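Overview (structure and organization)
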Amino acid sequence: MNSPFRLPEASTHAVTVDHIFYLLLLLSGATAVLVFGLILLFAVRYRRGSSAKRGPMPEILSREFEIGWTVATLLTFAFLFWWASSADLGSLAAPPSALEIHVVAKQWMWKTQHPSGAREINALHVPLDRPVHLLMSSQDVIHSFFVPAFRVKKDVVPGRDTDIWFQASKSGTFPLLCAEYCGTNHSMMRGKIVVMRQDDYAGWLVQQPEGDDLAHEGAKLFVSQGCSGCHAASSNVHAPRLAGLYGRAVQLADGRTVSADEAYIRDSILQPKRDVVAGYEPVMPSFKGLLDDGEIQSLTAYIRSLSKEQPDD
Amino acid sequence: MTDALLAGELPLPPHPDYLRDGSTVWSWLATTDHKRIAILYAVTITVFFFLGGAAITAVRLELFEPNGWLLTSDTYNKLFSFHGIIMVWFFLVPSIPNTFGNFLLPLMIGAPDVAFPRLNLFSWYLTIAAGAFTVYALVAGGVDTGWTFYTPYSSMFSNTHVFAAAAGVFVVGFASIATGVNFIATTHMLRAPGMTWFRLPLFVWAVYATSLIMVLATPVLAISLLLVIAERVLGLPIFDPARGGDPILFQHLFWFYSHPAVYIMVLPAMGVVSEIIPCFARRRIFGYDFMVYAMLAIAGIGFFVWGHHMFVSGQSALASLVFSFLSFIIAVPSAIKVFNWTASLYRGQISFESPMLYALGFVGLFTTGGLSGLFLASIPVDIHVTDTYFVVAHFHYIMVGGSVSAFFAGLHFWWPKVTGKLYPESWAKFAAILMYAGFNMTFLPQFFAGYLGMPRRYHTYPAEFQIYNVMSSAGAAVLAVAYLLPLGYLGWSLFYGGKAAKNPWGATGLEWTATSPPPPKNFDRQPRVDRGPYDYHAQGMSAGTDPPEMQSARDTR
């Protein structure tokens, strides 16, 4: 059992959040003392029949006084906003060197997959002092990936990829919780995050059963699901080549231009008629219901891996 | 000679008061008298309050143990959903506006009734019909979506009675809209001669601002629930991502209503307290016009902060920044109000009857709840505590600590006016103090549990949170007693309570110039208004030393 009185600060982000939290605690504590103190003071001093001075109100309690405390409150809040937001903006994007791990949430479990292909259920081993970037998707309803010790939380939403990153700064085992209500066993959708020293992590990874990494798995799916029948360079069908696609701007048949990111690739697999590439016929069938979220992640990873090669046309 | 004459009261008017003007069931069910409709609402919401309370009592009992001991997870989920749906839409939203608002708005502005008396009765029937849908959903097996109905869970996955529950909320929304329209028209059209906008009591301003929100925001709730029903029943692809829908769309629609709805619940409470504090401090309210502008600002800005419920939903960073900034901004008018209530005590002649105790309790709990709101407006802190018990504690401080305390404050303040009876004051004081203590015992531990990471809506939970849940459940037992007590002594007063005079508190305000209880059309002669509200002493002075009897005589001249 973890301590019921203290929450570990187990990531670099946790320290930042706690600083803001303590400042807010200090400020609101001071405000509460002021308000409660004044109410108590007035309640005693001006209780009915007391001999405290009444008579004409002092000049200072005027409109200027009210404007004064309004402006003071406004400036305090503006400062709080600036401070809290700059901390937020500072931690928005994951560093490019981050270890990329895929997470799939479903009623009621967490499935994680490491770049090496190692898979876990309701658990995630991560190395210490190294940024970890999670790419998350849900197979059914909305879940939320919550690690209190890291002070991070992000909804995992069906139909779109969300991401989150952290850098663990303490070794140990920390609870992973689902924070968005997701049905009957919502409260059982828990797991653990195990933070290990980097060499321990490497050792742990080696011991895991062999698994293909995502891109390799995607490459197999690319053939077995028949994608290569049209999208391979040798195909007779007039279909867009996928090498070098990821991250590029794509001209669509209706004149729009979109960036080929994860969401675009996912949409193109599931709803191929929506964003048809300029110069191509809308002939691709939808793979909705044929692929689960994990398989789409694998295919996306495969298409991404192609971007490192030069386009072949 | 009657008792009233002996007590120095004017003789009763020759016609009976509104309670005795017809005693058949039909005379109640077909009444268009705003005061009788207020009573109908009061009975209705009391039933719902104790229904919602019973549901959460089972939940709190269950949470004594980390792994549950009484309920299945499905039952647990249905109970907290029922609690939320009932308490929000069938108690908090109609509580103060539809009871005190209905009863007092015409009296306070010197009108014989609301602008559309039959619409007023119709909206009560809508509430009853809606309540029937919702109670049916419970009896038929319950609904387990939480009060928020998040998609795609509610539209595609839940196997419970979502349709009936959503239909109930959909219909009660129209009751809200009808009441809002009625109050806006009443405030605009039926003010007595001399009752200018800046002579309106703050309670009227509060009800007016609330009505604006009801009329503008509630249709969006209706739309979002209709879309859920369309997807669930007709299979239209709206939120289903596999068919091109977007589940996050629902959250935007839902919170576009539900954040302003928080102000529907708390603005009327602010109005109640703004009547009571000046009366028991014998002081003019400090900064009347700032209080008015603050309420209008809250009503307006309240429409643009909904995204702070969605910092972790994956919305864009820019959207989060804007919503965070506006959430800090909306805290300013709330802070102004707290400072002004406090300043209104300065140089007062303060007495501590039960309405005042409840009102001061409101200020304390609202301040605590409001300050915890600053944590939720800060994006990095919100990301950590959102969807945890920290949020649960925060909104219960505002909506239960705040609004329900104010409801009880108003109930005790206007009880003599509404029923013509006096209740046992020492019991009332005891209940007020017990409620404040019980509330803090219940919800203060939840701030700690939430910060330490206990998610909300958890049937089972990690063992380290047990200490906080046990404290919370123990506090809830105290709170339950405090809520049941008034039922006892107020009920007792109906039969055995002493007769109330016109103006037992020596308050200003037109409602106190009518008899207790008032006659069917409120005033025998058209009231004329020649001064502002809260005229407890001359401008620029502080509290007078007049005894309440003299104050009373001055008000009823």
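Quick notes on the rules
Residues numbered from 1 in each chain as written. Chains lettered and ligands numbered in written order. Predicted model: local features only at pLDDT ≥ 70, side-chain atom pairs only at ≥ 80, totals over all residues. Helix = DSSP H or I, 4+ residues; strand = E, 2+ residues; numbered from the N terminus. Rg over C-alpha atoms; globule rule 2.2 N^0.38 Å. Buried ≥ 20, exposed ≤ 12 C-beta atoms within 10 Å, placed from the backbone. Contact = placed C-beta atoms within 7 Å. Expected span 1.5 Å × (residues − 1). Domains from an automatic or database assignment. Nonpolar A, V, L, I, M, F, W, Y, C, P; charged D, E, K, R; others polar. Pairing = 2+ DSSP bridges. Axes fitted to C-alpha atoms, helices over the stretch in contact; angles between N-to-C directions. Parallel < 35°, antiparallel > 145°, perpendicular 65-115°, else oblique. Left-handed = near helix turned anticlockwise from the far one by under 90°. pLDDT = per-residue confidence, 0-100.

Before going further, it helps to examine the overall build of chain A. Counting its regular elements, chain A contains seven helices and 12 strands. Taken over the C-alpha trace, chain A has a radius of gyration of 28 Å; the compact-globule value for 313 residues is 20 Å, which it surpasses by more than 25%. Taken over the C-alpha atoms alone, chain A extends approximately 100 × 50 × 40 Å along its principal axes. In chain A, which comprises 313 residues, the share counted as buried stands at 35%. Considering only contacts within chain A whose residues lie at least 6 apart along the sequence, 67% involve residues at least 24 apart.

This brings us to the overall build of chain B. Each helix and strand counted, chain B has 17 helices and zero strands in total. Taken over the C-alpha trace, chain B has a radius of gyration of 23 Å; the compact-globule value for 557 residues is 24 Å, and the two agree within 12%. Here the C-alpha coordinates of chain B stretch approximately 75 × 50 × 45 Å along the principal axes. In chain B, which comprises 557 residues, the proportion classed as buried is 61%. Counting contacts in chain B only where the partners sit at least 6 residues apart, residues at least 24 apart contribute 85% of the total.

Glancing now at helix α5 (residues 117-139) of chain B. All names here are of chain B. In this model α5 runs 33 Å from its N-terminal to its C-terminal C-alpha over 23 residues, within 8% of the 33 Å that 1.5 Å per residue would give. Within α5, the full set of buried residues consists of Asn120, Leu121, Ser123, Trp124, Thr127, Ala130, Gly131, Thr134, Ala137 and Leu138. Where the residues of α5 are buried, they touch α3 (34-62), α4 (73-109) and α7 (162-189). Directly after α5, the chain includes Gly141, whose backbone phi takes a positive value near 145°.

Residue and element names in this part refer to chain A. Here helix α7 (residues 293-306) spans 20 Å end to end across 14 residues, near enough to the 20 Å set by a 1.5 Å rise per residue. Within the span of α7, buried status applies to Asp293, Ile296, Gln297, Ser298, Leu299, Thr300, Ala301, Tyr302, Ile303, Arg304 and Leu306. On its buried side, α7 packs onto β1 (99-106), β5 (131-138), α4 (214-224) and α6 (262-270).

Time to look at the domain arrangement of chain A. Residue and element names in this part refer to chain A. Split into domains, chain A comes out as domain 1 (12-46 + 57-90), domain 2 (99-207) and domain 3 (214-306). Domain 2 and domain 3 are separated by 27 Å when their C-alpha centres are compared. In this complex, domain 2 contributes seven residues to the contact, which on the side of domain 3 involves seven residues. Looking at the side of domain 2 that touches domain 3, its residues break down into one nonpolar, four polar and two charged.

Our focus in this paragraph is the sheet that holds β1(A). Residues and elements named next belong to chain A. The strand order across the open sheet built from five strands is β3-β2-β1-β5-β8, with neighbouring strands paired in mixed fashion. The sheet terminates laterally at β3 (119-121) and β8 (162-167), the two strands that pair on one side only. Averaged over neighbouring strand pairs, the angle between their axes works out to 25° when direction is ignored. As judged from the five bridges shared by β1 and strand β2 (residues 109-113), these two strands associate in the antiparallel manner. Note that in β2 the partner of Val104 across the bridge is Lys111.

Once that is clear, we can look at unusual backbone geometry. The omega torsion of the bond from Gln107(A) to Trp108(A) falls at -10°, within 30 degrees of zero and hence cis. The residue Trp108(A) is located in the loop between β1 and β2 in this model. Cis geometry is found at the peptide bond from Thr151(B) to Pro152(B), where omega equals 0°. Topologically, Pro152(B) is positioned in the loop between α5 and α6 (153-157).

As a further point, take the interface of chain B and chain A. Listed as interface residues are 72 residues of chain B and, on the opposing side, 71 residues of chain A. Counting residues per element, the ones that place at least two in the side of chain B that touches chain A are α4, α6, α9 (247-281), α11 (317-343), α12 (354-377) and α13 (379-385) of chain B. No other element matches α11(B), which puts 13 residues into the side of chain B that touches chain A.

So, about the sheet that holds strand β4 (residues 123-127) of chain A. Residue and element names in this part refer to chain A. Spatially, β4-β10-β9-β6-β7 is the arrangement adopted by the five strands of the open sheet, whose pairing is mixed. Edge positions in the sheet fall to β4 and β7 (152-156), since each has one partner strand and no second. On average, each strand axis in the sheet is inclined to that of its neighbour by 20°, with strand direction left out of account. Relative to strand β10 (residues 190-196), strand β9 (residues 172-178) runs antiparallel, the two being bridged by six bridges.

Attention shifts here to the packing of α12(B) against helix α15 (residues 425-451) of chain B. All names here are of chain B. Packing of α12 against α15 leaves a shortest axis separation of 9 Å and a crossing angle of 10°. The angle between α12 and α15 places the two elements in the roughly parallel class. Every residue of α15 that contacts α12 at Ser354, Leu357, Tyr358, Gly361, Leu365 and Ser372 is listed here: Glu425, Ala428, Lys429, Ala432, Ile433, Met435, Tyr436, Phe439 and Phe447. Broken down by class, the residue content of the contact of α12 with α15 amounts to 10 nonpolar, three polar and two charged.

Two faces, one strand: in a regular strand the side chains alternate between the faces of the sheet. Residue and element names in this part refer to chain A. Burial analysis of β4 places four of its five residues in the buried class, which makes it a mostly covered element. Across five bridges, β4 lies against β10 in parallel orientation. Residue pairing in the sheet places Ala123 in a bridge with Lys192 of β10.

Moving on, we come to the packing of α12(B) against helix α14 (residues 389-419) of chain B. Residue and element names in this part refer to chain B. Where α12 meets α14, the closest approach of the two axes is 8 Å, and the angle between their N-to-C directions is 160°. By the angle between their axes, α12 is roughly antiparallel relative to α14. Where α12 crosses over α14, the handedness of that crossing is left-handed. Residue classes in the contact of α12 with α14 are distributed as 15 nonpolar, 11 polar and no charged.

On to the pairing of β2(A). Residue and element names in this part refer to chain A. The turn linking β1 back onto β2 is made up of two residues. As judged from the three bridges shared by β2 and β3, these two strands associate in the antiparallel manner. Following the sheet pairing, Lys111 is matched in β3 by Ile121. Hairpin connection, β2 to β3: the antiparallel pair is bridged by five residues, and Gly117 has positive phi, about 105°.

Let us now look at the environment of Arg457(B). Along the chain, Arg457(B) falls in the loop between α15 and α16 (466-496). In this structure Arg457(B) touches Tyr181(A), His186(A), Phe80(B) and Gly146(B), once residues within four positions along its chain are discounted.

Turning to the environment of Thr70(A), a few remarks are in order. With respect to the secondary-structure elements, Thr70(A) resides in helix α2 (residues 63-90). Since 18 C-beta atoms lie within 10 Å of it, Thr70(A) is described here as partly exposed. Once residues lying within four places of it in the same chain are set aside, the contact partners of Thr70(A) are Val332(B) and Ile336(B).

What follows is about the environment of Pro533(B). Residue and element names in this part refer to chain B. For Pro533, the location among the structural elements is in the loop between α16 and α17 (548-555). For the pair Pro533 and Ile285, spaced 248 residues apart in sequence, the C-alpha separation works out to 8.8 Å. Excluding residues that lie within four positions of it along the chain, Pro533 makes contacts with Arg199, Pro201, Thr508 and Gly509.

Turning next to the confidence of the model for chain B. Scored by pLDDT, chain B comes out at a mean of 92, with 95% of its residues at no less than 70. The model gives residues 552-557 of chain B a pLDDT under 50, and that stretch makes nine contacts with residues more than four places away or in other chains.

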